[in-house]
Amino acid sequence: MSEKQITGSEALMQALINEGVDTLFGYPGGQAIPLYDKLYNYRDSLRHILVRHEQGATHAAQGYARTSGRVGVVMVTSGPGATNTITGIADAMMDSTPIVVVAGQQASPLLGTDAFQETDLIGITHPITKWAYQIRSVDEVAWAVAQAFYIASHGRPGPVVLDFPKDVQTALTEFKPHHITHIRSYVPVPEMNAKAVAEAARLINSAEKPLALVGQGVILGNAETELTTFLRKGDIPAASTFLGLSALPSDYPLNAGMIGMHGNIAPNLKTNECDVLIAIGMRFDDRVTGNLKTYAPQAKVIHFDIDAAEIDKNVKTTVAVDGDVKETLPAVTRLLREANHTAWRDSFKPLNNRETDKVIRAELFPADGPVRMGEVVNRVSDATGHDAVLVTDVGQNQMMALRYFKFSRTRSVVTSGGLGTMGFGLPAAIGAKLGAPGRTVCLFVGDGGLQMTIQELGTIMQSGVEVKIILMNNSYLGMVRQWQELFFNERYSETPMVNPDFLKIADAYNIPGKRVTNRADLDAAIAEMLTTQGAYLLEVVVEQKGLVYPMIPAGACITDMLLGNE
């Protein structure tokens, strides 16, 4: 007896449920109507978040994936609906975020005819995905979905696109759940090399000045416990990329802070002083290394990574430890001797004190003048007990938030790293809250970035997602203005912003808020924001021409650090 036949659209719904999906982010349209029609029957199983722009759907899916550890799912229509997802897909690729984008497409007989809202989505997204596939037969829907989720979430995570022609959506099939445990020619986790493990342990055991650089790979690999065991046994100070920040609690004794262009002085300078540099799940981005010719020339470099393509791509390694860090870190740890590097760790303290004296104290505790971004971040972090999820947009607000927000547990940072996408913050915060519904989500955003995706306030209104929005308004495109001040003779070309009344806009979306211009009112406003049920917009008018320091100029040596007042 034949099994009941269902449409390709219903097969998609059942395949998604088979993958454990319970939340979708999307926007319907002509070539996705059959998909949305079947979604109507699955409203008890699949919660759909109706965004106001398809880019918002991809960023929300990213935020969901970052906080939940699951695959974020997007469903959109063809043509402009599909092309509007491109920025989010590229962002997910750069930051190794697992999302699956399902896009409606014109019917198969019309492909290649320039039919209404037809675009070559596979051709467009192939360079910015782990896999992009057009489903041409209804009988492969279950397989394609299973394959998409396997590829997105196994190995180094990333985005996958499924292009779904309308005739395939409406064709009939006998659905059978598909489960994938292996794909021929795809090796998501390279085999661990025992010789490399032994050599890495030997170098660390002989080191007098070891330094670990922690990236997001530790979080993606769920290897936070393995990391702290490794660091503790080797007595190794560790600094983080900003995507890796919450892998270690901010107050962890061996946590040396943040590296990179606007990172902390000590770990940046000590990178060019250490004798063994241990990179763990990070890719030596140019914003971390500065000038590669002068980056850590004195150090033996050990690189732990799941993606062999990252080895020797930017920095030449002495030992490459391929594999899953949840396995490779313990393998090396077992071979380590209990170490004591007190003198080396103590050498960080004068540099930390210097940063406090030259930068931090003035930023966090100014005696007078306009409110500063850093003090806003610091006070919000304190008020949340350092237990909130930090979401940022891009720009000065991002760097200040990453520098001064504190973390007590993992998966607490959602920000756009590699692509640096303005407009990321608001939709990503929506997804982050849905991915971690029991946690407070604080979004720090600038006046420029907020207006890029401000329509997603409508998503908050309709879905009821509780996001605390801290708008740090300086009436400038702040980071570009900073570069113009420092490197372009203060020629502020097209960076001043004439802004609307953000509170009136928020009120139109039934989101309460408050504007603060005086630091004496800041703590009370933060308390009101955190105790108000639902979403809230706290607009803080901050110093117009504030600067984020320290700063390593682009392409400079990491020792060529600007502190602003030296």
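Residues numbered from 1 in each chain as written. Predicted model: local features only at pLDDT ≥ 70, side-chain atom pairs only at ≥ 80, totals over all residues. Heavy atoms only, no water.

### Regarding the domain arrangement of the protein chain
Split by domain assignment, the protein chain resolves into domain 1 (5–174), domain 2 (194–346) and domain 3 (365–541). Listed per partner, the contact involves 18 residues of domain 2 and 20 residues of domain 3. Taken over both partners, the interface formed by domain 2 and domain 3 buries close to 1,400 Å², and the fraction arising from carbon and sulfur atoms is 61%. At the boundary of domain 2 with domain 3, the tally comes to zero salt bridges. Linking domain 2 with domain 3 are seven residue pairs in polar contact (both at pLDDT 80 or more), by the criterion used here. (Domains from an automatic or database assignment. Contact = heavy atoms within 4.5 Å. Buried area = accessible area lost by both parts, 1.4 Å probe. Salt bridge = Lys/Arg side-chain N within 4 Å of Asp/Glu carboxyl O. Polar contact = N/O pair within 3.5 Å; in protein donor to acceptor, adjacent residues only side chain to side chain.)

### Some words on the side chain of Asn272
If you trace the backbone, Asn272 turns up in the loop between helix 12 (265–271) and strand 12 (276–280). Of note is the side chain of Asn272, whose polar atom sits 2.8 Å from the backbone nitrogen of Ala296. (Helix = DSSP H or I, 4+ residues; strand = E, 2+ residues; numbered from the N terminus.)

### Re the pattern of salt bridges
Any two side chains of opposite charge can pair, on the condition that their charged atoms come close. As enumerated under the stated definition, the model contains 26 salt bridges in all. Between Glu543 and Arg372 there is a salt bridge, with its nearest N and O atoms 3.4 Å apart. With a gap of 171 residues between them, Glu543 in the segment after strand 20 (536–541) and Arg372 in the loop between helix 16 (349–364) and helix 17 (373–383) connect regions that are remote in the sequence. Looking at Glu543, the relative accessible area reads 25%, which means it is partly exposed. (Buried < 20%, exposed > 50% of the residue type's maximum accessible area, 1.4 Å probe, protein only.)

### Structural notes on the layout of surface pockets
The volume enclosed by the second largest pocket comes to roughly 690 Å³. Around the second largest pocket, the lining comprises 27 residues; the ones closest to its centre are Ser250, Asn255, Ala256, Gly257 and Asn352. Contributions of two or more residues to the lining of the second largest pocket are made by strand 11 (255–258), helix 16 and helix 18 (396–404). Counting residues per element, the lining of the second largest pocket draws most heavily on helix 16, at six residues. Partitioned by chemical class, the residues of the lining of the second largest pocket number 13 nonpolar, eight polar and six charged. A domain-level breakdown of the lining of the second largest pocket finds at least three residues from each of domain 2 (194–346) and domain 3 (365–541). (1 Å grid on protein atoms, 1.4 Å probe; cavity = no way out; pocket = protein on both sides within 12 Å on 5 of 7 lines; lining within 4 Å. Points joined across faces, edges and corners; volume = space filled by probe spheres on them. Nonpolar A, V, L, I, M, F, W, Y, C, P; charged D, E, K, R; others polar.)

### Points about the environment of Lys504
Summarising the element assignment, Lys504 is placed in helix 23 (residues 502–508). Put simply, Lys504 and Gly88 are 416 residues apart on the chain and 28 Å apart in space, counted from C-alpha to C-alpha.

### Considering the environment of Ile278
Along the chain, Ile278 turns up in strand 12. For Ile278, a relative accessible area of 0% translates into the label buried. Sequence spacing of Ile278 and Ile236 is 42 residues, and the spatial spacing of their C-alpha atoms is 9.5 Å. With residues up to four places along the chain from it excluded, the contact list for Ile278 reads Ile204, Pro210, Leu211, Ala212, Leu213, Phe230, Ile236, Ile302 and Phe304.

### Considering the sheet that holds strand 17 (residues 441–446)
The strand order 16-15-17-18-20-19 describes an open sheet built from six strands, whose pairing is parallel. Among the strands making up the open sheet, the edge pair consists of strand 16 (413–414) and strand 19 (513–516). Pairing of strand 19 with strand 20, which is carried by four bridges, proceeds in the parallel orientation. Counterpart to Lys514 in the pairing with strand 20 is Leu538. Seen against the sheet, helix 17 touches strand 17, strand 18 (468–473) and strand 20 and runs at an angle of roughly 165° to strand 18. (Pairing = 2+ DSSP bridges. Axes fitted to C-alpha atoms, helices over the stretch in contact; angles between N-to-C directions.)

### Thoughts on the side chain of Asp393
Looking at the secondary structure, you find Asp393 in the loop between strand 15 (389–392) and helix 18. For Asp393, which is buried and forms no salt bridge, the nearest opposite charge comes from Arg66, at a distance of 12 Å. Every residue in contact with Asp393, bar those within four places of it in the chain, is listed here: Gln398, Thr415, Thr421, Met422, Gly423, Phe424, Gly425, Leu426, Leu443, Phe444, Val445 and Gly449. (Lys, Arg positive; Asp, Glu negative; His and termini not counted.)

### Structural notes on the environment of Val51
The residue Val51 is located in the loop between strand 3 (47–50) and helix 3 (54–68) in this model. Residues Val51 and Leu522, spaced 471 residues apart in sequence, show a C-alpha to C-alpha distance of 31 Å. In this structure Val51 touches Gly26, Tyr27, Gly56, Ala57, Glu456 and Thr459, once residues within four positions along its chain are discounted.

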